[in-house]
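Letter by letter, the chains look like this.
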Amino acid sequence: MYPSKDHVVKTFAQLVKLLPPAEQTKPQVALLAGGVTPYRNDTDREMSFRQESNFFYLSGCSIPSSYLLVTYKSGTSFANNPSIQLFIPGIEPADIMWSVPPPTVDEAVKTHEATHIAHPSVLSDAINDIIKAYPDATFHILPRGSPLFPALSEDYLGLVRNAPISDKYLLPALHQARLTKDVAEVAEIKRANEISSRAHETVMRVLGQGVKGLIKQGQGAGVTRPLLPGEWLIEKEAEAEALFVASCRREGAVHQAYLPIVAASNRASTLHYCCNDKEFAWGPVKPHDHKNDGHIHHANEDKTFLPQVLLIDAGCEWNYYAADITRTMPVGNGGKFTPEAREIYSLVLDMQKLAMEALKPGIHWDAIQLICHRTLVKGLQRLGILKSPDAPGSGSWNSEEAIIASGVSAAFFPHGVGHSLGLDVHDVPSASKPAHNPTIKGLELGHPDFYTYLRLRLPLEEGMVVTVEPGIYFSPHLLAPVRDSKHINHDVLKKYESVGGVRIEDVVLITKDGHLNLTTVRSDVDWVEGVCSGEL
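All figures in this text were calculated on a predicted structure; none of them were measured in a lab. Once a new chain begins, its residue numbering starts again from 1 and follows that chain's sequence as written. Reporting of local features is limited, given that this is a predicted model, to residues whose pLDDT is at least 70; pairs of side-chain atoms are given and counted only at 80 or more, and all residues count toward the totals for whole chains, interfaces and linings. Only hydrogens and water are removed before side-chain values are computed, so all heavy atoms of the structure are retained for them.

K.L.:
Would you mind showing me how to read the layout of surface pockets here?
P.N.:
Summary: where empty space remains is shown by rolling a probe the size of a single water molecule over the atoms. Taken as a whole, the largest pocket spans an internal volume of roughly 910 Å³. A 1.4 Å probe that fits into a set of points on a 1 Å grid over the protein atoms alone but cannot get out defines a cavity; an open set with protein on both sides within 12 Å along at least five of seven lines defines a pocket, and lining residues are those with an atom within 4 Å of a point. Along the walls of the largest pocket sit 29 residues, with Thr37, Phe49, Ser62, Pro64 and Val100 positioned nearest its centre. When residues of the lining of the largest pocket are traced back to their parent elements, those giving at least two are helix 3 (93-98) and strand 13 (317-318). No other element matches the three residues that helix 3 contributes to the lining of the largest pocket. When grouped by side-chain class, the residues that make up the lining of the largest pocket number 16 nonpolar, eight polar and five charged. Grid points are joined across faces, edges and corners, and a volume is the space filled by probe spheres set on the points. In this model, the second largest pocket occupies a volume close to 750 Å³. Lining the second largest pocket are 36 residues; nearest its centre among them are Leu271, His272, Pro414, His415 and Tyr453. Each helix is a run of DSSP H or I of at least 4 residues and each strand a run of E of at least 2, with the numbering of both proceeding from the N terminus. Note that Gly is not counted as nonpolar here; it falls among the polar residues with everything else outside the nonpolar set of Ala, Val, Leu, Ile, Met, Phe, Trp, Tyr, Cys and Pro and the charged set of Asp, Glu, Lys and Arg.

K.L.:
Any chance you could explain the pattern of salt bridges here in plain terms?
P.N.:
Should the charged atoms of two oppositely charged side chains come close, the side chains can pair. Salt bridge, as applied in this entry: a Lys or Arg side-chain nitrogen positioned within 4 Å of an Asp or Glu carboxyl oxygen. Inspection of every chain in the model, using the stated rule, returns 23 salt bridges. For Arg342, the salt bridge identified is with Asp526, shortest N-O distance 3.1 Å. Of the two residues, Arg342 sits in helix 10 (residues 339-357) while Asp526 sits in helix 16 (residues 525-532), which places them 184 residues apart along the sequence. Three exposure classes are used, based on accessible area relative to the maximum for each residue type with a 1.4 Å probe and protein chains only: buried under 20%, partly exposed in between, and exposed over 50%. The exposure class of Arg342 is partly exposed, given its relative accessible area of 31%. Here Asp526 falls in the exposed class, since its relative accessible area comes to 56%. Here Glu400 makes a salt bridge to Arg374, at a shortest N to O gap of 2.9 Å. Of this pair, Glu400 sits in helix 12 (residues 400-406) while Arg374 sits in helix 11 (residues 365-383); the two residues are 26 residues apart in sequence, bridging distant segments of the chain. A cluster of three or more residues bridged by salt bridges with shared partners is formed by Arg178, Lys181, Asp424 and Asp427.

K.L.:
Help me understand the nonpolar core, please; the structure alone is not making it clear to me.
P.N.:
One recurring pattern in soluble globular proteins: nonpolar side chains tend to sit buried together. Counting residues in each nonpolar core, the largest one holds 94 residues, and the members touching the most others are Leu310, Trp365, Ile385, Phe412 and Phe474. With nine residues, helix 10 is the largest single contributor of residues to this core. Apart from the residues lying within four places of it in its own chain, the contact partners of Leu310 are Leu207, Ala240, Val262, Ala263, Ala264, Phe280, Arg327, Thr328, Met329 and Val331. Tyr2, Leu86, Leu142 and Phe149 belong to the second largest nonpolar core, which has 46 residues in total. As used here, the term nonpolar core means buried Ala, Val, Leu, Ile, Met, Phe, Trp, Tyr and Cys residues forming a set that is joined through side-chain atoms within 4.5 Å. The criterion used for residue contact is that any of the two residues' heavy atoms lie within 4.5 Å.

K.L.:
Would you explain the pairing of strand 1 (residues 28-33) in this entry?
P.N.:
Note on strand geometry: in a regular strand, side chains alternate between the two faces of the sheet. The buried fraction of strand 1 amounts to six of the six residues, a majority that puts the element mostly inside the structure. Across the two faces of strand 1 the burial is the same, with Gln28, Ala30 and Leu32 and Val29, Leu31 and Ala33 all buried. With three bridges joining them, strand 1 and strand 7 (residues 138-140) adopt parallel strand pairing. When the sheet's bridge partners are listed, Gln28 is paired in strand 7 with Thr138. For two strands to be treated as a pair, DSSP must find at least two bridges joining them.

K.L.:
Looking at this structure, I do not really get the sheet that holds strand 8 (residues 165-166). What am I missing?
P.N.:
Strand pairs in the sheet, formed through backbone hydrogen bonds, run parallel or antiparallel to each other. Taken in spatial order, the six strands make up an open sheet running 6-5-4-1-7-8, and their pairing is mixed. Edge strands, defined here as strands with exactly one partner in the open sheet, are strand 6 (116-118) and strand 8. Contacts from helix 1 (residues 4-18) reach strand 1, strand 4 (67-72), strand 5 (83-87) and strand 7 within the one sheet, and its direction differs from that of strand 4 by about 60 degrees. Axes here refer to lines fitted to C-alpha atoms; in helices the fit is confined to the stretch in contact. Angles between the N-to-C directions go from 0 to 180 degrees.

K.L.:
I tried to follow the sheet that holds strand 15 (residues 325-331) on my own but got confused; where do I start?
P.N.:
The strand order 9-12-15 describes an open sheet built from three strands, whose pairing is antiparallel. A single partner strand is all that each edge strand has here, and the edge strands are strand 9 (261-264) and strand 15. When strand polarity is set aside, the average angle formed by the axes of neighbouring strands in this sheet is 10 degrees. Bridging between strand 9 and strand 12 (residues 308-314) involves four bridges; their strand directions are antiparallel. The residue of strand 12 that forms the bridge with Val262 is Ile312. Sheet strands in contact with helix 8 (residues 183-211) are strand 12 and strand 15, and its direction is about 5 degrees off that of strand 15. Docked against the sheet, helix 9 (residues 237-250) engages strand 9 and strand 12, running at close to 145 degrees with respect to strand 9.

K.L.:
Sorry, what's going on with helix 16 here?
P.N.:
Residues lying three or four places apart along an α-helix face the same way, a consequence of the helix completing one turn every 3.6 residues. Burial runs high along helix 16: seven of the eight residues are buried. Among all positions of helix 16, only Val525, Trp527, Val528, Glu529, Gly530, Val531 and Cys532 are buried. For helix 16, the elements touching its buried residues are helix 8, strand 15 and helix 10. Positive backbone phi, at 80 degrees, marks Gly534, one or two positions downstream of helix 16.

Next up, the structure:
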């Protein structure tokens, strides 16, 4: 059973800390509305429903059109055993005819950790009972008027005329509570990562079977009958996405944690590429030949994939908890990276390895970001993309420290090394990157551009779950401002720009003494090439 009582206690303990001292011993009440089932326009058909994350965190309830009423008071039995009242919709005859009805109250009692479960028709009475029993209580709600949260009806808020209503404290308290995960939450995240890891490997293995010619089309395939799943080749981004999602669905995952990013060739330099609709680059392509521009390949055509990367950033949810995994794999070239792509991939692996080695409670996430940039600068100097002090015509102005201070490495690695993850893939940003942040003192280490898009800026704590996702990109847009940089050997850079982009991302639990990687799909070069070439 979902540990909603523990989450309520944890949240209200944080809420009380935020209150003025005179209010901390008074009764505190939370009133929340759950999400409602969305419908697609003019279809009379429900869209996929996902409960609002904060509501689920406090209730474990995924039933649409539900309400939650919680009562807590420090220094009383309610501090450890708060009153949790859940209100779920009743069954209507049309529900049975058109769709799946909600559970009965008796069924919900067996699956939800609540003090009392009833229908919304008695919610008004429950609110009035609390007001009578605790006339000095403050009612807490999620931010009013925000499109991010289900709206509470004024019919309910109007009942609280003589009691204070605040939308200032509940959301920050929830976000602070959600920043660290308990054992049950970690188990759900671990399962989501195992399913998603297998989906990533499935795509790689189908690519490898294609390289080895092991995917055979039977009689009439694609002519008198459709291709069956075992006859599918992956020749475009959409097909890789479809296979990934299908693999997750086959294992029972209902939702993707976010829309998958599936980018081939130089499109991998777009961080949140959203199209997923292009064919892999292929040849031979003659001058002025537009066959590679949306042209659909047929089996009797000569089609050889040009050497390129395929970046897949995708993860499913399991019981509302997210996975977020990125793998970059070779396409063409017999399922092997080109020398340039292999060097860039290996450097990203080094960035991730050194970042992970430093993970432990107490280290500030800014320091992990700086480790990645230092590793990146050293690696790009080794490859000759960034100049070294001892290069011909160079000097101390191309030292590692000078290049770090210039911020030029942000053109190759513009985003943060990772973020908190949980019920949402970018979990609780107001807590992970607070507007008032006393943990950041003095001048930022390195260059301010390193931290612009960093979504976590706190010391790590035991129980945090974070992604570690360094990358290197050759984006024309990002490189434009540094085309005249004295730190870059532009002739060498040109050799690597066709790589596009490489990102490697794992999900990691911060433990008492270090970390535990929850992502199970491998990323070492030899294994990735072995699988994508069909040799393993």
